[in-house]
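Structural overview for review
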Amino acid sequence: MIKIVDLHVSFGNNRVLRGVNLTVDKGETVVVIGQSGSGKSVLIKHIMGLLKPEKGEIYVGGVEICCLGEEAFFHLRRRFGMLFQGAALFDSLTVEQNVGFGLERYTEFSSGKIKETVKESLAMVGLRGIENLMPHELSGGMKKRVGLARAIAYGPEIILYDEPSTGIDPIRADAINDLIIRMKKDLEVTSVVITHDMVSAYKIADRIAMLYEGRIIEEGTPQEIKNSKNEIVQQFIHGKAQGPITEW
Amino acid sequence: MLLGKTLRNFFRKPWEAKIFLQQLEEIGVRSLPVVSLTAAFGGLVFGLQTYVGFHRYIGPGSEAYGGPIISLGLTKELIPILVGLMVTGRVGSSMAAEIGTMKITEQVDALFSLGADPNRYLVVPRTMASLIMLPCLTLYGDVIGVAGGFLYNIVMGVNRFVYWRNTLLYLELWDIFSGLIKAVIFGVVIAIIGCWQGLKAEGGAEGVGRATTRTVVIASISILILNFFLSRMLPATLGG
């Protein structure tokens, strides 16, 4: 479904990604772990086409995305949903308008059907009766869940989650994990999840890939990652300050 | 590049009608108080200096010949510039701050991911509203400014009938129209610079602050420089 080949990205002199190779099959959930600032968010922004690669190719459904025209790119984006790290809700729109934003552009739904779908999407993330609130009236966790409702509302085939459980209490975070698993089982959604939360990673992942110094240094099932011989992986998954990773 | 893309998108659907109407109100209606004040005092001071000039150099009784000069100076130069600078400070900076905040909080990326082209959603409605409202504000400012100049001269005892007769005799419709052409161009300049600076903002609140300051500086200087070249390029009269 998604294939990343030799992806290189630099910002000025900072070489963020130095040849990332990653494949995500249809209906699979791949969790990308790594230190803060290791380029995880940059990676998923490239998958979404928000950033252009300096070198390398990204294929979605067998099509290389970097050379697509505007129209083809619009149709490609319709297949994606994205939960942003800080939720990225539109400040000037209500919760209902935020969640219905993609529905208005990607579907032919009537306004009644949009309202209904917005309610259903909000209910899926455990939110009710907040349709008319503005983003500044929500807590950080609620914003995140509204952002998730917005990402799943129009039924995308691929969902990219940038730290879905950050800023949410453990019970809600586990409910989000269950939602990600349900989306995969019921709707065969393909997911790429970025997280530091290893409990969540072990629960939702089919495969885990660790990004370190611009490359994927280890990739495998949750069990394989737990049993990895790589000291860097072991230090990271156990959250130890002492070890081969010395730069925090 | 941003200007070219924006102008191309003017004619492409979907149009963001709701945002366009909001921007018409923001740029036009909400700028009325500040434009009223600056145009009124601009007209008054222009009236004052012209009165003094005629009184001192031509002689008492010649002040009524200042009417066309006041109206010409205001409609062709002073009002378009004053309106441009006021809207730059009030609206251009707020465009940069709003879009800059959206950029650093990933809202611009979110627009893109949800099927809305940030150029069509953010830049086109603002540019379109700005190019429509700047000439409207300028025309409104012309009326207030010319009235201000007239009022000062009347208070100073100038013959109102001679003043108006001279003004109507020598002021051409083209003088007003050329000021409006400048205003259209200033409108595009303000919106494009505000949106451009907002879209390239980075580095948190400090970056938004920088974008806002740069917008005011770049747009103000551009307006002053463009005004000179437009005055050179546009014909002084269509009367032959």
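Residues numbered from 1 in each chain as written. Chains lettered and ligands numbered in written order. Predicted model: local features only at pLDDT ≥ 70, side-chain atom pairs only at ≥ 80, totals over all residues.

1. Quick notes on the overall build of chain A
What chain A contains, in helices and strands, is nine helices and ten strands. In terms of overall dimensions, chain A has C-alpha extents of about 55 × 45 × 35 Å along its principal axes. Sorting the 248 residues of chain A into buried and exposed places 42% on the buried side. For chain A, the share of sequence-separated contacts (at least 6 apart) that also reach a separation of at least 24 residues comes to 65%. (Helix = DSSP H or I, 4+ residues; strand = E, 2+ residues; numbered from the N terminus. Buried ≥ 20, exposed ≤ 12 C-beta atoms within 10 Å, placed from the backbone. Contact = placed C-beta atoms within 7 Å.)

2. Describing the overall build of chain B
Looking only at helices and strands, chain B has nine helices and zero strands in total. Tracing chain B from N to C terminus, the helices and strands come up as α-α-α-α-α-α-α-α-α. If one aligns the C-alpha atoms of chain B with their principal axes, the spans along those axes are about 70 × 35 × 30 Å. A buried classification covers 48% of the 240 residues belonging to chain B.

3. Quick word on the interface of chain A and chain B
Between chain A and chain B, the residue contacts involve 16 residues of the former and ten residues of the latter. Ranked by the residues each element gives to the side of chain A that touches chain B, the list is headed by helix H3 (residues 95-106) of chain A, at four residues.

4. Digging into the sheet that holds strand E3 (residues 29-34) of chain A
All names here are of chain A. Taken in spatial order, the six strands line up as E6-E7-E8-E3-E9-E10 in an open sheet, and their pairing is mixed. One side of each edge strand has no neighbouring strand; the edge strands of this open sheet are strand E6 (80-83) and strand E10 (215-220). Each strand of the sheet is rotated relative to its neighbour by a mean of 15°, with strand direction disregarded. Where E3 and strand E9 (residues 207-212) come together, five bridges link them in parallel fashion. Residue Ile 33 lies in a different strand from E9, and its bridge partner there is Met 210. Running at roughly 105° to E9, helix H9 (residues 231-238) makes contact with E3, E9 and E10 of the sheet. (Pairing = 2+ DSSP bridges. Axes fitted to C-alpha atoms, helices over the stretch in contact; angles between N-to-C directions.)

5. What to know about the domain arrangement of chain A
Interface size is often expressed as the accessible area that is lost when the parts come together. All names here are of chain A. You can read the domains of chain A as domain 1 (25-39 + 69-79 + 157-248) and domain 2 (90-155). Distance from the C-alpha centre of domain 1 to the C-alpha centre of domain 2: 24 Å. Contacts between the two partners involve eleven residues from domain 1, matched on the other side by ten residues from domain 2. Ranked by residues supplied to the side of domain 1 that touches domain 2, first place goes to helix H6 (residues 170-187) with five residues. The residue inventory of the side of domain 1 that touches domain 2, partitioned by class, reads seven nonpolar, one polar and three charged. (Domains from an automatic or database assignment. Nonpolar A, V, L, I, M, F, W, Y, C, P; charged D, E, K, R; others polar.)

6. Some words on the sheet that holds strand E4 (residues 55-60) of chain A
Residues and elements named next belong to chain A. Here we have four strands laid out as an open sheet, ordered E2-E1-E4-E5, and antiparallel in their pairing. For this open sheet the edge positions go to strand E2 (14-24) and strand E5 (63-64), each flanked by a neighbour on one side alone. In the sheet, strand E1 (residues 2-11) pairs with E4 via five bridges, with the strands oriented antiparallel. Paired with Lys 3 across the strands is Tyr 59, a residue of E4.

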